[in-house]
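Architecture and fold: a report
Okay, here's what each chain looks like letter by letter:
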Amino acid sequence: PFRYQIVRNSVVMPVVYDGTIHDIGYHGVLIETTQELPLLTDVKMELTLAAVDYIARDLYGKTVSKKVVDGQMLMGVEFTSVSSAVNSKIQLLVQLHIFAGD
């Protein structure tokens, strides 16, 4: 699970939305949301990384792709601003998934 807010003109909008993470990598996530976001939309995200017992806050990204899978609209979000602490937890999570064969 994750939460996100839309960023417009460098201002984080107050409305918080929920979504689902379908995949995560070193440089971004594949997400499903209740609303379709235009390409190149900036977002502020909070990701729950349960496998490493961590909540990644103040993570920023930009929508860079869209695709329909099994009738669901999925969007690729590339990370644009990641703290070193969040980056290390994301790397650990991805490595755990690789070693587990997910």
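Counting from 1, residues in each chain are numbered in the order their sequence is written. Where totals are concerned, whole chains, interfaces and linings use all residues; where local detail is concerned, this predicted model gives features only for residues with pLDDT of at least 70, and gives and counts side-chain atom pairs only at 80 or more. Side-chain measures here rest on the full set of heavy atoms in the structure, leaving out hydrogens and waters.

**Things to note about the overall build of the protein**
Runs of E in the DSSP output that reach at least two residues are strands. Runs of H or I that reach at least four are helices, and both are numbered from the N terminus. The helix and strand tally for the protein stands at 1 helix and 7 strands. Whereas a compact globule of 102 residues would reach a radius of gyration of roughly 13 Å, the protein reaches 13 Å, a difference of no more than 12%. Its C-alpha atoms put the protein at 35 × 35 × 20 Å along the principal axes. Each residue is assigned to one of three classes by its accessible area relative to the maximum for its type, calculated with a 1.4 Å probe on protein chains only: buried under 20%, partly exposed between the two thresholds, exposed over 50%. Among the 102 residues that make up the protein, the fraction classed as buried is 32%. By definition in these notes, contact holds between two residues if any of their heavy atoms fall within 4.5 Å. Across the protein, contacts joining residues at least 24 apart in sequence account for 51% of those joining residues at least 6 apart. Of the roughly 6100 Å² of accessible surface on the protein, 52% is carried by carbon and sulfur atoms. Charged side chains in the protein number 8 positive and 11 negative. The centres of these two groups are separated by 7 Å. It is over C-alpha atoms that the radius of gyration is taken, and the globule rule equals 2.2 Å times the number of residues to the power 0.38. All accessibility values rest on the Shrake-Rupley procedure with a 1.4 Å probe; residue burial counts only the protein chains present in the view. Only four residue types enter the tally: Lys and Arg on the positive side, Asp and Glu on the negative side; His and the chain ends are excluded. By convention, the point assigned to a charge is CZ for Arg, NZ for Lys, CD for Glu and CG for Asp.

**Remarks on the packing of aromatic side chains**
Each pair of aromatic rings is reported with the distance of its centres and the angle of its planes. Ring geometry is summarised as follows: Phe, Tyr and Trp rings, the Trp one being its six-membered ring, pair when their centres sit within 6.5 Å, and such pairs are stacked at plane angles under 30 degrees, edge-to-face over 60 and tilted between the two. Summed over the entire model, instances satisfying the criterion amount to 2 aromatic pairs. Aromatic side chains Phe 2 and Tyr 4 sit 5.6 Å apart centroid to centroid with 25 degrees between the ring planes, which places their arrangement in the stacked category. Taken as a pair, Phe 2 and Tyr 4 share a single burial class, namely buried. The buried category is assigned to Tyr 4, whose relative accessible area is 1%. Three or more aromatic residues joined by ring pairs make a cluster, and in this case those are Phe 2, Tyr 4 and Tyr 17.

**Some words on unusual backbone geometry**
In this model, Ser 10 sits at a positive phi of 65 degrees, which is unusual for a non-glycine residue. Judged by relative accessible area, which is 74%, Ser 10 ranks as exposed. Here Asp 53, not a glycine, exhibits a phi torsion of approximately 50 degrees, which is positive. Structurally, Asp 53 can be placed in the loop between strand E5 (42-49) and strand E6 (54-69).

**Observations concerning the side chain of Thr 33**
Its place among the elements puts Thr 33 in strand E4 (residues 28-33). Each polar contact in these results corresponds to two N or O atoms within 3.5 Å; when the atoms are within protein, one needs to be able to donate a hydrogen and the other to accept it, and residues that are neighboring in sequence are counted only if both atoms are side-chain atoms. Looking at Thr 33, its side chain comes within polar contact range of the main-chain oxygen of Gln 35, at 2.3 Å. When sequence neighbours within four positions are dropped, the list of residues in contact with Thr 33 reads Phe 2, Tyr 4 and Met 75.

**Observations concerning the pattern of salt bridges**
Where side chains of opposite charge bring their charged atoms close, a pairing between them can arise. Salt bridge criterion: a side-chain nitrogen from Lys or Arg within 4 Å of a carboxyl oxygen from Asp or Glu. Following the criterion strictly, the structure yields 4 salt bridges and no others. Between Arg 57 and Glu 46 there is a salt bridge, with its nearest N and O atoms 3.4 Å apart. Note that Arg 57 is positioned in strand E6 and Glu 46 in strand E5, a separation of 11 residues in sequence. By relative accessible area, which is 26% here, Glu 46 ends up partly exposed.

**Some thoughts on the layout of surface pockets**
Put simply, the largest pocket is a space of about 260 Å³. Site definitions follow a grid-based scheme: protein atoms alone, a 1 Å grid, a 1.4 Å probe that fits but cannot get out for cavities, and for pockets an open set with protein on both sides within 12 Å along at least five of seven lines, plus lining residues having an atom within 4 Å of a point. In this structure, the largest pocket is lined by 14 residues; those nearest its centre are Ile 21, Asp 23, Ile 24, Leu 93 and His 97. At the level of secondary structure, the elements contributing two or more residues to the lining of the largest pocket comprise strand E3 (17-24), E5 and helix H1 (84-100). Class assignment for the residues of the lining of the largest pocket results in 9 nonpolar, 3 polar and 2 charged. Grid points are joined across faces, edges and corners, and a volume is the space filled by probe spheres set on the points. The nonpolar class holds Ala, Val, Leu, Ile, Met, Phe, Trp, Tyr, Cys and Pro. Asp, Glu, Lys and Arg form the charged class, and all remaining residues, Gly among them, are polar.

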